[in-house]
Amino acid sequence: MIKQIIDAIIGISIEVGALLFTMLIALAISWIFTI
Amino acid sequence: MIPRPQKEDFKVISYYLGKIVFGLGLMMLVPLALGLAYKETNPSLDFLISICITLSAGILLTIIGRTERDPNWMHGMVIVSLSWIVAMFLGAIPLHLSGHFKSYLDACFDSMSGFATTGLALVQDLDHISYSHNLWRHLIMFIGGQGIVIIALSFLVRGAAGAFRIYVGEAREEKILPNVISTSRFIWLVSITYLILGTAALAAVAVYEGMPIKNSIFHGVCVFMAAFDTGGFAPQSQNILYYHSFPFEIVTIVIMLLGAINFKLHYAIWSGNKTEIWRNIETITLFITIIATFIITAFGLKQFNTYPEVISFFRKGFYQLVSGHTGTGYMTIYAKQFIKEWGPLALVGVTIAMALGGSSCSTTGGIKTIRIGLIFKAMAQDIRRIILPEAAIVTDKFHHIKDIILDDKHVRSACLITLAYIALYGFGSLVGMCFGYPFLDSLFESTSAAANVGLSCGITVVDMPSLLKITYMFQMWAGRLEFVSVFTLVGFAIAAVKGK
């Protein structure tokens, strides 16, 4: 049960991290198009 | 010769439809409870009336159709497509009674838009609607995003062998767990977990921005439900622009993207398969298409120098793009700005993003990225076949939770559904053009309706022609159910009339 909860917390972190990474790339593209 | 449906067929459909309608009636207790807590007398009465009608309809249908038979594939498809229409009519009752809609048709439009997680709205004076009606608008998005039949499968249908057939009818062909009822419950587990986390994050940002705590929680719950279920309704008429908050926009982008991820992928990652997100064909395609369509949109915005600063470029350009791609429809600009400030290329970029949609077995609409990925894989395979010697055997595989050999049946199915979506986008555009709207505006709004997005360039207003409202309602319904169950319903109706 504890292992499942830890796995779920790690999973949520991976998902949110991946999405923030996508946003970072989009921010970089925004920067390129505004210079 | 088409066999005419038997009395027993109608009984099975009626029985399960009754269960689903009953579940919908129970869901109406939530806004009723809120209305009573906030001492909203008239809105509470609206919901009491609606609950009585919905529960009575549910009980009546169940009694009429009482049967021990499990639904077959045809029953499952007909139950699903009918249940969405019935839910639209019943869900519109409290909305119409609120007095914020010009007609019952407008209330039905918002109801279908909510259940189909589209987000196009005809509600009037939204900023003064009651808390309970506002919660209902968002709750129907949550119900629709999870899948109306998911509610019935989770709580009302116990161990029915035919449950999977109803589940599939709602455009979810993938079972996450061996048992479809466990699958439904897992979908709820993911949604409730993110509901708690997402609401807390949104409410915290709202408090930080100066909103009272009570309002922050209400706005947090509503915005989460509409963002995670890629719906697009917001508690205020200015949509997300109302909050004027960069952190709030960042949180909603994350929630929208989470809603666009396949529930099967959530299960894999939550179960310890940490690398799946980087290997899965759906997430890879989603990532590539988001970046590609954003670059197209960025070129368009650059042409008109719409947003000269990097942060406003990101907050307006990327936000609308992600909102369109995930099928949410949240906006940080006014609808007319799309036409007046964005220019045609940026509009085309967002339209392509809307047309593609998010992952299958998620809450998004549109073609879905797995189909796009498969079509591109098949194209690459065909090019290799041409280049390599004739005797060479060319096989390819794709990764979706596990490695799967790319088969003609996968490609055929992906191409058929893609074609059906393109036809649906085109159909709505043609109807829009018949009413005198320009081509690009019509295509944008039609794609937004059919892909269950909700971004608007200004066509969807109360005074738009009724026939166009009905066209968009049909598009939302057919687009959400991915055609198969809709075609089955048409076939069933023809068989009932012409069959022998």
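Located above this text is the structure these notes cover.
In this report, we go over the structure that sits alongside the text. Model, not experiment: these values are computed from the prediction.

Definitions and cut-offs
Residues numbered from 1 in each chain as written. Chains lettered and ligands numbered in written order. Predicted model: local features only at pLDDT ≥ 70, side-chain atom pairs only at ≥ 80, totals over all residues. Heavy atoms only, no water. Axes fitted to C-alpha atoms, helices over the stretch in contact; angles between N-to-C directions. Helix = DSSP H or I, 4+ residues; strand = E, 2+ residues; numbered from the N terminus. Parallel < 35°, antiparallel > 145°, perpendicular 65-115°, else oblique. Left-handed = near helix turned anticlockwise from the far one by under 90°. Contact = heavy atoms within 4.5 Å. Nonpolar A, V, L, I, M, F, W, Y, C, P; charged D, E, K, R; others polar. Phe/Tyr/Trp six-rings, centres within 6.5 Å; stacked < 30°, edge-to-face > 60°. Buried < 20%, exposed > 50% of the residue type's maximum accessible area, 1.4 Å probe, protein only. Buried area = accessible area lost by both parts, 1.4 Å probe. Salt bridge = Lys/Arg side-chain N within 4 Å of Asp/Glu carboxyl O. Polar contact = N/O pair within 3.5 Å; in protein donor to acceptor, adjacent residues only side chain to side chain.

Structural notes on the packing of helix α18 (residues 408-434) of chain B against helix α19 (residues 439-450) of chain B
All names here are of chain B.
Alright, step 1. Viewed as axis vectors pointing N to C, α18 and α19 meet at an angle of 130°, and their least axial separation amounts to 8 Å. Looking at the two axes, α18 sits oblique to α19. At the point where α18 passes α19, the crossing takes the right-handed sense. Where α18 abuts α19, its residues Y421, L424, Y425, G428, S429, G432 and M433 lie against F439, S442, L443, S446, T447 and A450.
Alright, step 2. Of the residues that constitute the contact of α18 with α19, the class distribution is 7 nonpolar, 6 polar and no charged.

Regarding the packing of aromatic side chains
Residues and elements named next belong to chain B.
Alright, step 1. If you walk through the whole model with that rule in mind, you get 30 aromatic pairs over all chains.
Alright, step 2. Ring geometry for F186 against W270: centres 6.4 Å apart, planes inclined by 75°, an arrangement best described as edge-to-face. With F186 in helix α9 (residues 180-208) and W270 in helix α12 (residues 263-270), this pair connects stretches of sequence that are 84 residues apart. Of the two residues, F186 and W270, both sit in the buried class.
Alright, step 3. Taking the centre distance of 6.0 Å and the plane angle of 35° together, the rings of Y421 and Y425 count as tilted.

What about the interface of chain A and chain B?
Alright, step 1. Across the contact, 24 residues belong to chain A and 33 residues belong to chain B.
Alright, step 2. Summing both sides of the interface, chain A and chain B together bury roughly 2500 Å²; the carbon and sulfur share of this comes to 82%.
Alright, step 3. Summed over the three residues of chain A that lose the most area to chain B, namely E15(A), M23(A) and F33(A), the buried surface amounts to 28% of that side.
Alright, step 4. On inspection of chain A and its partner chain B, the count reaches 0 salt bridges.
Alright, step 5. Counting every contact that joins chain A to chain B gives 3 residue pairs in polar contact (both at pLDDT 80 or more).
Alright, step 6. The residue makeup of the side of chain A that touches chain B, split by class, is 17 nonpolar, 5 polar and 2 charged.

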